[in-house]
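Residues per chain, in single letters:
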Amino acid sequence: MTTTTTTTTVATPHRTIQPTRPEPRGLRFPPVLVKILVTALVFLVAYLVTNALDQDQGDVWNLTASIVIGGAALIVQYLVDFERRLEQIETSQAQLIRDVKDNLISHHVALTELVDDRFARISEATELFSNVDRSVLRSDGVVKLARSATECGQLNNETVKTFASEEIERLAGLLENLSNRSTDCLGENQDWLIGLTHCIKRSLDATSTSVDRDFWGSEPAARYLEAQSDAVQREVEIRRLFLVNVPEEIDDELRELCNNQRALEIDARVVALSELPPWAQLGTKSDFIVFDRELSYEIDQDTKDVNAKTTLNARPSHVEHRMRQFTRLWEATVNLPHKGIPPTTDE
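Residues numbered from 1 in each chain as written. Predicted model: local features only at pLDDT ≥ 70, side-chain atom pairs only at ≥ 80, totals over all residues. Heavy atoms only, no water.

## Here's the deal with the packing of aromatic side chains
For the structure shown, the criterion picks out five aromatic pairs. Measuring from centroid to centroid gives 6.0 Å for Trp-216 and Tyr-224, while their planes differ by 25 degrees, and the two rings are stacked. Ring geometry for Phe-326 and Trp-330: centres 5.7 Å apart, planes at 20 degrees, overall stacked. One end of the pair, Phe-326, and the other, Trp-330, are both in helix α8 (residues 316-334), four residues apart, so they sit about a helical turn from each other. Owing to a relative accessible area of 0%, Phe-326 belongs among the buried residues under this scheme. Aromatic rings pair up to connect Phe-215, Trp-216, Tyr-224 and Phe-242 into one cluster. Positioned above the aromatic ring of Trp-330 is the side chain of Arg-239, whose terminal nitrogen or guanidinium carbon lies 5.1 Å from the ring centre. (Phe/Tyr/Trp six-rings, centres within 6.5 Å; stacked < 30°, edge-to-face > 60°. Helix = DSSP H or I, 4+ residues; strand = E, 2+ residues; numbered from the N terminus. Buried < 20%, exposed > 50% of the residue type's maximum accessible area, 1.4 Å probe, protein only. Lys NZ or Arg CZ within 6 Å of the ring centre and 35° of its normal.)

Spelled out as structure tokens, the structure:
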């Protein structure tokens, strides 16, 4: 199967930009100039104070003390400014750590969900193909279907891709319905009929009313009879009852049709329902074919005797009901004087 590589995009943490305070309007002085002015002011105040308090020490001592006090004031300003900046850096770092932590948690959650989803898909695909291998279905056919579906999806042709999608959806619906032992479609599905005939291994029991009389001269009927001939070679027992209402409806065309099928080693018989007892005529309104006594292929007619719907039913109770119905008809036919074998016009 085609391997799809998934590229995972890892979200990188990002810093949250702190909102800046609006700058006050008006005249602003550079911080260095402010520090110089404050230092000069402290120096001047210290000089005046020391000069006023102790005039005996001389100007040198007063000037030295003022310089020391002014320098201390300058150092204090820088220490205060350093502490404020350090506090801002610590706050910014703490916010950055919180943002990184939140991003890592979000990324971890997203990455965990992505990995879990991918592993779930891998597990689902593994389980699916494991079930296919254990079933009687051909695993190579399932793999081929999946690969072909992928290749169709990569074509640069929207019509083909749309048609392929519709066919996959139709097939998926058919298989889903078959898993529930019943499915149907509008009209007469001759592909189902021929395909099922290729699959049988033991028996085919069918009724044929006047509704499908025209079918036997068609091309699908030729393929259907060929598939039945192949089934006979596999030692499959095939029985068919051509049903009419009254003996007058058994004409030369129907006799020839029956004899041609008997020539293919198909046990074909013709019977008029009016010749049968009432208990044998129960449920003879529509055609049905039972394959291997496991699945019933049925054709429903509308009010104009047109084949309106084809149904496949594999529910055991329904198949058993159809087999009882066919057995009643078959046994009643055997009890007739001509045993269901149509007499010739000379007879």
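What follows picks up the thread again.
## Section: the nonpolar core
Among the nonpolar cores identified, the biggest contains 36 residues, and Leu-204, Trp-216, Tyr-224, Phe-242, Ile-289, Phe-291 and Tyr-297 are the most heavily contacted of them. Those elements that provide at least two residues to this core are α5 (190-199), β2 (203-208), α6 (219-233), β3 (237-244), α7 (252-263), β4 (267-272), β5 (287-291) and β6 (295-301). Residue contributions to this core peak at six residues, all from α6. Residues Phe-288, Met-323, Ala-332 and Leu-336 belong to the second largest nonpolar core, which totals 15 residues. (Core = buried A, V, L, I, M, F, W, Y, C linked by side-chain atoms within 4.5 Å.)

## Some points on the environment of Ser-179
As for its placement among the helices and strands, Ser-179 is situated in helix α4 (residues 158-179). For Ser-179, a relative accessible area of 55% gives the class exposed. Placed 135 residues apart in sequence, Ser-179 and Ala-314 show a C-alpha to C-alpha distance of 9.5 Å. One polar contact links the side chain of Ser-179 to the main-chain carbonyl oxygen of Glu-176, over a distance of 2.4 Å. (Polar contact = N/O pair within 3.5 Å; in protein donor to acceptor, adjacent residues only side chain to side chain.)

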